[in-house]
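# Structure at a glance
This is what each chain is made of:
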There are 2 protein chains.
Amino acid sequence: MRYLLKSANITSLQRKIAYKFNNEKLIKNALTHRSAGATNNERLEFLGDSILSIVIADSLYHNFPNASEGELSRLRSYLVKGETLAVISRELKLGDYLLLGQGELKSGGFRRDSILADCFEAMIAAIYLDSNFEQVKKIILNIYETRIKDNNIFNHLKDFKTMLQEYLQSNKLDLPKYELLSIGGEQHNQQFEVLCEVPSMNIKTEGKGTTRRKAEKIAAEKMLQQLLK
Amino acid sequence: MRYLLKSANITSLQRKIAYKFNNEKLIKNALTHRSAGATNNERLEFLGDSILSIVIADSLYHNFPNASEGELSRLRSYLVKGETLAVISRELKLGDYLLLGQGELKSGGFRRDSILADCFEAMIAAIYLDSNFEQVKKIILNIYETRIKDNNIFNHLKDFKTMLQEYLQSNKLDLPKYELLSIGGEQHNQQFEVLCEVPSMNIKTEGKGTTRRKAEKIAAEKMLQQLLK
């Protein structure tokens, strides 16, 4: 078992996140992987996940007053997914403070995305328990500021056709079929109607839009909603 | 379009939840289904979902200090799933206040689980935006008190074998196969080792336990983790 690699101590971590713990036990728990003992960061991770989710949701809700529920929800997914959390964790060098068991230590657990992401979530919970919601919100928003204010943030959204395809592939289901049902409206204001079908599930959805592509995306979104129900 | 069925007005709702809105527009938005107009409760629902999640997570974390992360997470799923929210929504008679479009109104949308659940989440967000985290937390915990303090709350947890089976069925995949690999240890302290396999996904996991059933549950839990990765 190792503790505080590179003799880093939590003072430098506290400086980095601009927060000083009243109860240092909390941050030590947050930095303890389950491989290192029974008192570890798993319960904190459970709590931290929810805290992160509401703080990001709140921020997106206010920053993007015109975004739809679907867009907000996909933006949040991007911002709280394991990969993103691991990047943040690396920026904070959380791996340097991790307490790991012998096995994880040897296999380089402090570099692993999932361990780093969990550790970040646990740290969020530790701050919350040590202070309050407003305080942890301030720290999270500080960490996320450049990501949320990123002008290209909407580029991180996958479109629904891609999401549907990935979902079906990961569930070993056949790919969706799109079929143009009708083109209506005036020449300069056409309305496309498209059918999306996943034959093996026997589900069909329809989408309308001013281009065929837009209509397909809407049909794909509805299909995803059906599949995830 | 209808507004405030049975001539109920939001005063009675405010009394029921013991909260008076400063900005009544917020609660009206929360009670407006998308079928009734462009300014509806979808964005609020997105926010409310997260608020509910952290308040329930926080409460479970403190009320069940010995529960594992997995148990906490399954308890929360039970407490925030659509069915539970619809029950709460009915207790609060939210259906009486719903603003629905003509189509939904005719087809009885104010009785539908999903619409009622969404509306409850949106109301939670409306309270949060109108006040603050501590205030909405108080109201949620008040609504949930008997559910969280329920002595039988752990009975609502599905075991992992059931969860795995449901997951596979809902994804139209073949059922898992369990195979006893070995029985070790002394007579009074036996150790069972079990293999769980989902052939069509070509994934195998193993579980160990003091009974065959326990070993199977652990193998099923690992399988679920693999599948949900």
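Residues numbered from 1 in each chain as written. Chains lettered and ligands numbered in written order. Predicted model: local features only at pLDDT ≥ 70, side-chain atom pairs only at ≥ 80, totals over all residues.

Take the relation of the copies chain B and chain A next. In the superposition of chain B on chain A (RMSD 0.4 Å, axial shift 0.2 Å), the rotation amounts to 180°. Viewed as a symmetry operation, the transformation between the two copies matches a two-fold axis. Taken as a fraction of all interface residues of chain B, those also at the interface in chain A reach 94%, which identifies the copy contact as same-surface. (Least-squares fit on C-alpha atoms with pLDDT ≥ 70 in both. Contact = placed C-beta atoms within 7 Å.)

The next subject is the sheet that holds strand β1 (residues 177-184) of chain A. Residue and element names in this part refer to chain A. Here 3 strands make up an open sheet; going across it, the order is β1-β2-β3 and the pairing antiparallel. Sheet topology places β1 and β3 (203-209) at the edges, where each strand pairs with a single neighbour. Mean inter-strand twist for the sheet, computed between neighbouring axes without regard to direction, equals 20°. Here β1 pairs with strand β2 (residues 191-198) via 7 bridges, running antiparallel. Each residue of the ladder has a partner; that of E179, found in β2, is L195. Contacting β1, β2 and β3, helix α10 (residues 212-228) runs over the sheet at an angle of about 145° to β3. (Pairing = 2+ DSSP bridges. Helix = DSSP H or I, 4+ residues; strand = E, 2+ residues; numbered from the N terminus. Axes fitted to C-alpha atoms, helices over the stretch in contact; angles between N-to-C directions.)

With that settled, consider the pairing of strand β3 (residues 203-209) of chain B. All names here are of chain B. Examined bridge by bridge, strand β2 (residues 191-198) and β3 share 7 bridges and lie antiparallel to one another. Looking at the pairing, V198 lines up with I203 of β3. Hairpin remark: β2 followed by β3, antiparallel, with 4 residues in the connecting loop; positive phi at N202, about 55°.

In this section: unusual backbone geometry. Residues and elements named next belong to chain B. In this structure, A18 is a non-glycine residue whose phi angle is positive, near 55°. Summarising the element assignment, A18 is placed in the loop between α1 (10-17) and α2 (24-30). Notably, K93 is not glycine yet its phi reads approximately 55°, a positive angle. With respect to the secondary-structure elements, K93 resides in the loop between α5 (82-91) and α6 (102-106).

For the rest of this paragraph, the subject is the domain arrangement of chain A. Segmentation of chain A into domains returns domain 1 (5-156) and domain 2 (160-228). Here domain 1 of chain A and domain 2 of chain A have C-alpha centroids that lie 36 Å from each other. (Domains from an automatic or database assignment.)

Okay, the interface of chain B and chain A next. Often, the extent of an interface is quoted as the loss of accessible area on bringing the components together. Listed by partner, the interface residues are 18 residues for chain B and 18 residues for chain A. Sorting the residues of the side of chain B that touches chain A by element identifies α3 (42-63) and α4 (69-80) of chain B as the ones contributing at least two each. Sort the elements by how many residues they give to the side of chain B that touches chain A and α3 of chain B lands first, with 12 residues. A breakdown of the residues in the side of chain B that touches chain A according to their chemical character gives 8 nonpolar, 5 polar and 5 charged. (Nonpolar A, V, L, I, M, F, W, Y, C, P; charged D, E, K, R; others polar.)

The subject of this paragraph is helix α9 (residues 160-170) of chain A. Residue and element names in this part refer to chain A. Among all positions in α9, only F160, K161 and L164 are buried. Taken around the axis of α9, the buried residues stretch over an arc of 105°, which confines them to a single face. Residues T162, E166, Q169 and S170 are exposed on α9 and point more than 90 degrees away from its buried face. In this fold, the buried residues of α9 make contact with α10. Of the residues flanking the end of α9, it is K172, one or two places downstream, whose phi is positive at about 55°. (Buried ≥ 20, exposed ≤ 12 C-beta atoms within 10 Å, placed from the backbone. Arc of directions from axis to C-beta.)

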